[in-house]
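Spelled out from the first residue to the last, the chains are:
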Amino acid sequence: MNNLNKLKKQDSQIYKAAVGELKRQEEGIEMVASENYVSEAVLEALGTVLTNKYSEGYPGRRYYAGQEFTDAVENLAIERAKKLFGAEHVNVQPISGAPANLAAFVSVLKPGDKVLGMDLSHGGHLTHGHPAVFASKIYKFIPYKTEKDGSIDYDKLEKLAIKEKPRMVLAGFSAYSRQLDYKRISEIAKKVGAVSMMDMAHIAGLVAGKAIPNPVPYFDIVTTTTHKTLRGPRGGMILCKKEFAAGVDKAVFPGLQGGPHMNNIAAKAVAFGEALKPAFKTYAKQVVKNTQALAKELEKFGFKIIFGKTENHIVLVDVFSSKGVTGKEAETVLDKAGITINKNMIPDDPRGAADPSGIRLGPPAITTRGMKEKEIKIIAKWINEVVENRSNEKVLKNIKKEVTALCKKFPIYGN
Ligand SMILES: *Cc1c(COP(=O)(O)O)cnc(C)c1O
């Protein structure tokens, strides 16, 4: 881990929180499907003086002088991302996934335009049309859903697109465990004269590691985060076809953002460099194997797995119907035992978002620290024990001890 000597001397409160968080990460089993651990090289890049520099604009055309090194950094990030995903154009400046999505919308949509997006309770993301999100005040989002068997009925989606004539067909999800038919979705968009967009925020690392198919060749615009399965710093990115490049760049800056976070872009470049190495392919494949093992083990203990199949890094479980525990209760008791997951809605959840029927979990983070199917088996057993003995503090305490002991064998930063 970074040397924090100066921080320790100057600001003991922040130092304590940072060290406490390191300990929490080292000693706990992180099963939130959107989380991961960056390398120490990525952490070092984040801590560089690149944070001091204003670089409004793009490489070779900045608003201020002194861009020799920032241009080099941003160009490297762009080149590596292009290579990683086979993209025609890349913008690495979006601060995070939500701003990347907004910039993508702004680049092609006019106020009032219609967008087809996946329903939140069926696995979609807030930014794909939830009423609480600002974009919902500007654009008209029309949700599409999954079927009872967990699939998407693409004929139905096509009929909806023909009826609604959207300006954009948006694919992508945060809590869906199956592979999308990229080709079909982009064909539907083309047929109705809409822009096709894919938000691969969750699966970008699996795509980069070639463990699942790449959406980039099929869609006009692809957005992503860099901090989930891709294992980079917290951030966003937009990849697009050449004809959308100028619009995307203008929407990010000056449309929505000011100066890019150059230390963060440097860290993105470092992470993309890591993802280009063969070891990352092994990692991505192991994430998928671990996820399949997790779903299988949980199913053995009687947990109800939603969407039928697990083809990525996400497992959505209906704990309420299968174990009589709500998503929120499950989240709380598992956290007490040192296993972090999140409550999540299941399709058309009768319980609502605040205390839903489900939990979402996935192994991207624990796979980074080296855990494989053998550990997944043990963890699934603990999850079941915790849920079944949720009012027994002694059981929770004992499992927490075992969790910490297991984690000690798989250090993240080696201390
Ligand atoms: C995580 C996620 C986002 C938002 O990313 P932030 O970095 O939290 O803003 C957007 N879309 C999808 C599909 C996501 O999973």
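Because the structure is predicted, anything quoted here is derived from the model rather than measured. (Residues numbered from 1 in each chain as written. Predicted model: local features only at pLDDT ≥ 70, side-chain atom pairs only at ≥ 80, totals over all residues. Heavy atoms only, no water.)

(A) Representation of the overall build of the protein within the structure. Looking only at helices and strands, one finds 17 helices and 15 strands in the protein. Against the compact-globule benchmark of 22 Å for 415 residues, the protein has a radius of gyration of 22 Å, which places it among compact chains. Seen through its principal axes, the protein has C-alpha atoms that stretch 60 × 60 × 40 Å. Out of the 415 residues in the protein, the part that is buried amounts to 56%. When the accessible area of the protein is evaluated, it comes to approximately 18200 Å², of which 54% is carbon and sulfur surface. One finds the centroid of the 62 positive side-chain charges in the protein at a distance of 2 Å from the centroid of its 45 negative side-chain charges. (Helix = DSSP H or I, 4+ residues; strand = E, 2+ residues; numbered from the N terminus. Rg over C-alpha atoms; globule rule 2.2 N^0.38 Å. Buried < 20%, exposed > 50% of the residue type's maximum accessible area, 1.4 Å probe, protein only. Areas by Shrake-Rupley, 256 points an atom, 1.4 Å probe, with all protein chains shown as cover. Lys, Arg positive; Asp, Glu negative; His and termini not counted. Charge placed at Lys NZ, Arg CZ, Asp CG, Glu CD.)

(B) Molecular detail of the sheet that holds strand S9 (residues 221–225). Taking strand neighbours across the sheet as the criterion, the 7 strands line up as S4-S10-S9-S8-S7-S5-S6 in an open arrangement whose pairing is mixed. Among the strands making up the open sheet, the edge pair consists of strand S4 (89–91) and strand S6 (140–144). Averaged over neighbouring strand pairs, the angle between their axes works out to 20° when direction is ignored. Pairing between S9 and strand S10 (residues 236–240): 5 bridges, direction antiparallel. Residue Thr 224 lies in a different strand from S10, and its bridge partner there is Met 237. (Pairing = 2+ DSSP bridges. Axes fitted to C-alpha atoms, helices over the stretch in contact; angles between N-to-C directions.)

(C) Here's a closer look at the environment of Asn 75. Within the fold, Asn 75 resides in helix H4 (residues 68–85). The partly exposed category is assigned to Asn 75, whose relative accessible area is 33%. Sequence separation between Asn 75 and Ile 265 is 190 residues; the distance between their C-alpha atoms is 9.8 Å.

(D) A look at the packing of helix H5 (residues 97–108) against helix H10 (residues 242–256). As a packed pair, H5 and H10 sit with axes 8 Å apart at the nearest point and diverge in direction by 120°. On the basis of their axis angle, the class for H5 and H10 is oblique. Between H5 and H10 lies a crossing whose hand is right-handed. In this structure, H5 contributes Leu 102, Ala 103, Val 106, Ser 107 and Val 108 to the contact, and H10 contributes Phe 244, Gly 247, Val 248, Ala 251, Val 252 and Leu 256. Its residues assigned to classes, the contact of H5 with H10 shows 9 nonpolar, 2 polar and no charged. (Parallel < 35°, antiparallel > 145°, perpendicular 65-115°, else oblique. Left-handed = near helix turned anticlockwise from the far one by under 90°. Contact = heavy atoms within 4.5 Å. Nonpolar A, V, L, I, M, F, W, Y, C, P; charged D, E, K, R; others polar.)

(E) Quick look at the domain arrangement of the protein. In terms of domain boundaries, the protein breaks down into domain 1 (44–275) and domain 2 (283–408). Distance from the C-alpha centre of domain 1 to the C-alpha centre of domain 2: 28 Å. The interface is formed by 24 residues belonging to domain 1 together with 24 residues belonging to domain 2. Taking both sides of the interface into account, the surface hidden between domain 1 and domain 2 amounts to around 1900 Å²; carbon and sulfur atoms contribute 58%. Across the domain 1-domain 2 interface, the total number found is 1 salt bridge. One salt bridge connects Lys 145 with Asp 348, and the closest N-O pair in it is separated by 2.7 Å. Scanning the region where domain 1 abuts domain 2 turns up 12 residue pairs in polar contact (both at pLDDT 80 or more). (Domains from an automatic or database assignment. Buried area = accessible area lost by both parts, 1.4 Å probe. Salt bridge = Lys/Arg side-chain N within 4 Å of Asp/Glu carboxyl O. Polar contact = N/O pair within 3.5 Å; in protein donor to acceptor, adjacent residues only side chain to side chain.)

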